[in-house]
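# Observations on chain architecture
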Amino acid sequence: RRHSSADRSLTARLSAAKRRQAMRGPAYMFSAPSFSLSEVEQRFLEAAEYGNIPEVRRMLLHIPNLNVNAVDYMGQNALQLAVANEHLEVTELLLGRADLARVGDALLLAISKGYVRITEALLSHPSFRDAHRLTASPAQVDMLDDFYAYDEDGTRFSHDVTPVILAAHCQEYEIVHTLLSKGARIDPPHDYFCGCDSCNYQQQYDSFSHSRSRINAYRGLASPAYLSLSSEDPVLAALELSNELAMLADIEKEFKNDYSRLSNQCKDYVVGLLDLCRSTEEVEAILNGETVSDDSFDMPGRPSLTRLKLAIKYELKKFVAHPNCQQQLLSIWYENLPGLRQQTTAVKLLVVLAVAIGLPGLAVAYWVTPCSRTA
Ligand SMILES: [Zn+2]
């Protein structure tokens, strides 16, 4: 019952959203928000948008009750405008204000545009000092404050997209690395048939966004950036994820294409790793994995090929047929007779014949001294 408090806050938040929506009616999605900006606010927003650093600094210093959270007709505040136009210094000036809202939205915006330095500036904001902000999914984060304005006008990210999921979607290695080092993770979605309170509630409340949040999470998990940076053993993680996604493609028929595509993406990732190998040692590392094999059939000193066996089990043909993999298998096949590989077919046939004739003798030799050179 570790989720219970998060579930309760989620329930409260969802019912609040429902009430708000009922109050406004469905038309709120299409009607323009009524807004009015004072002349000062307008100037402030423009200065932020065009990166007018001295003007922003002057206004922040000398106008005592300046509303830094004023929004323009598109529903964007000064921080979002500055971030959208890659004005790092204006962003830093604005971040100095304690009453700044929508830092979360600005962070998502910066990540989606791949602005690494602005992302880092935003992450150094005091509101991220509470590590919970990044580690919990937005559904769990208490959003009574104006941190994320997801459901208000002027933002294009859905509720279930966390900073780390977005960075993974956008293949921003550097940002994913930064977020991971701050403790952010992508929570694997619950089982499709999961019957816990949270899943039941989301399924009933909005089954579309429930399915979409699952796909978004899997898209993040399957992205090469996240696979490479988040796990100690990316090959194993990618193999298992590809298998899980292939099974989901069979279960969730309506999203079959999405899940199949993600499953293939994981497979391509593993094949891509094989492509990058520069030496036998690296190929061996990928094919064998690092785990100590407890398979009693394995010969000591012989590569275990754990990952390769897993790839065969998961029907990963491209991986098994990869030249680097086949080359490795051939060298294992010809292990004790290295010269044989270069011989003609006739010589090979002769050797096979000789071994076949000598087999009884060899069997006896193996019986007597199982670990000798000839056996
Ligand atoms: Zn569940």
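Remember, predicted model here, so these are calculated numbers, not experimental data. (Residues numbered from 1 in each chain as written. Predicted model: local features only at pLDDT ≥ 70, side-chain atom pairs only at ≥ 80, totals over all residues. Heavy atoms only, no water.)

### With respect to the overall build of the chain
- For the chain, the count of helices and strands is 21 helices and zero strands.
- Out of the 375 residues in the chain, the part that is buried amounts to 39%.
- Accessible area of the chain: about 21,800 Å², with a carbon and sulfur share of 56%. (Helix = DSSP H or I, 4+ residues; strand = E, 2+ residues; numbered from the N terminus. Buried < 20%, exposed > 50% of the residue type's maximum accessible area, 1.4 Å probe, protein only. Areas by Shrake-Rupley, 256 points an atom, 1.4 Å probe, with all protein chains shown as cover.)

### Observations regarding unusual backbone geometry
- Phi at Glu86 takes a positive value of approximately 55°, unusual for a residue other than glycine.
- Relative to the helices and strands, Glu86 resides in the loop between helix 4 (78-84) and helix 5 (88-95).
- When its relative accessible area of 48% is taken as the criterion, Glu86 is described as partly exposed.
- The backbone of Arg102 sits at a positive phi, close to 60°, despite the residue not being glycine.
- Note that Arg102 resides in the loop between helix 5 and helix 6 (103-113).

### Observations concerning the coordination of the zinc ion
- Coordination of the zinc ion by the protein is provided by His190 (ND1), Cys194 (SG), Cys196 (SG) and Cys199 (SG), with metal-donor distances spanning 1.9 to 2.3 Å.
- Seen from the zinc ion, its four donor atoms lie at angles of 105 to 120°, and the figure they make is tetrahedral.
- Mapped onto the sequence, the donors of the zinc ion take the spacing H-x3-C-x1-C-x2-C. (Donors = N, O, S within 2.8 Å, 3.2 Å for Na, K, Ca; no water. Tetrahedral: all angles 85-135°; square planar, octahedral: opposite > 155°, others 65-115°.)

### Points about the UniProt feature "repeat: ANK" (unreviewed entry) in the chain
- UniProt's feature table lists "repeat: ANK" (unreviewed entry) at residues 159-191, given in the numbering used throughout.
- Taken end to end, residues 159-191 comprises 48% helix and 0% strand; its first and last C-alpha atoms sit 20 Å apart. (UniProt positions renumbered as here; feature names shortened; annotations may be inferred.)

### A look at the nonpolar core
- Counting 85 residues, the largest nonpolar core has Phe44, Leu79, Leu94, Leu122, Leu179 and Phe319 as the members making the most contacts within it.
- When sequence neighbours within four positions are dropped, the list of residues in contact with Leu179 reads Ile111, Leu123, Leu134, Pro163, Val164, Ala167 and Ala184. (Core = buried A, V, L, I, M, F, W, Y, C linked by side-chain atoms within 4.5 Å. Contact = heavy atoms within 4.5 Å.)

### Here's the deal with the packing of helix 11 (residues 197-205) against helix 12 (residues 207-221)
- Between helix 11 and helix 12, whose axes approach to 5 Å, the crossing angle comes to 125°. When the axis of helix 11 is compared with that of helix 12, the two are oblique. Between helix 11 and helix 12, the contacting residues are Cys199, Gln202, Gln203 and Tyr205 on the first element and Ser207, His210 and Ser213 on the second.
- Partitioned by chemical class, the residues of the contact of helix 11 with helix 12 number two nonpolar, five polar and no charged. (Axes fitted to C-alpha atoms, helices over the stretch in contact; angles between N-to-C directions. Parallel < 35°, antiparallel > 145°, perpendicular 65-115°, else oblique. Nonpolar A, V, L, I, M, F, W, Y, C, P; charged D, E, K, R; others polar.)

### Points about the environment of Gln327
- Turning to its location among the elements, Gln327 is positioned in helix 19 (residues 323-333).
- Sequence-wise, Gln327 and Val283 are 44 residues apart; in three dimensions their C-alpha atoms are separated by 9.6 Å.

### What to know about the pattern of salt bridges
- As enumerated under the stated definition, the model contains eight salt bridges in all.
- Among the ionic pairs, Lys256 bridges to Asp250, the shortest N-O distance being 3.4 Å.
- The class for Lys256 is partly exposed, based on a relative accessible area of 35%.
- For Asp250, a relative accessible area of 45% gives the class partly exposed. (Salt bridge = Lys/Arg side-chain N within 4 Å of Asp/Glu carboxyl O.)

### Quick word on the UniProt feature "transmembrane region" (unreviewed entry) in the chain
- Those residues carrying the UniProt feature "transmembrane region" (unreviewed entry) are residues 349-369 in this numbering.
- Structurally, residues 349-369 comprises 90% helix and 0% strand, and the distance from its first C-alpha atom to its last is 27 Å.

### Here we look at helix 14 (residues 234-251)
- Over its 18 residues, helix 14 extends 25 Å from the first C-alpha to the last, a length consistent with the 26 Å expected when each residue adds 1.5 Å.
- Every buried residue belonging to helix 14 is among Pro234, Val235, Ala238, Leu239, Leu241, Ser242, Leu245, Leu248 and Ala249, and all of these are buried.
- Buried residues along helix 14 sit in contact with helix 12, helix 13 (224-230), helix 15 (256-275), helix 16 (280-288) and helix 17 (306-313). (Expected span 1.5 Å × (residues − 1).)

### Remarks on helix 6
- Burial of helix 6 is extensive: nine of the eleven residues sit out of reach of the surface.
- Those residues of helix 6 that fall on the buried side of the exposure criterion are Val103, Gly104, Asp105, Ala106, Leu107, Leu108, Leu109, Ala110 and Ile111.
- Within two residues after helix 6, Gly114 carries a phi angle of roughly 75°, on the positive side.

### As for the packing of aromatic side chains
- Across all of its chains, the model carries three aromatic pairs by this definition.
- Measuring from centroid to centroid gives 5.1 Å for Tyr192 and Phe193, while their planes differ by 75°, and the two rings are edge-to-face.
- By relative accessible area, which is 61% here, Phe193 ends up exposed.
- Measuring from centroid to centroid gives 6.4 Å for Tyr201 and Tyr205, while their planes differ by 10°, and the two rings are stacked. (Phe/Tyr/Trp six-rings, centres within 6.5 Å; stacked < 30°, edge-to-face > 60°.)

### Remarks on the environment of Gly220
- Checked against the element boundaries, Gly220 lands in helix 12.
- In the structure, Gly220 is positioned 49 residues away from Gln171 in sequence and 9.2 Å away in space, judged by C-alpha atoms.
- Dropping the residues within four chain positions of it, Gly220 is found in contact with Ala168, His169, Ile186 and Tyr226.

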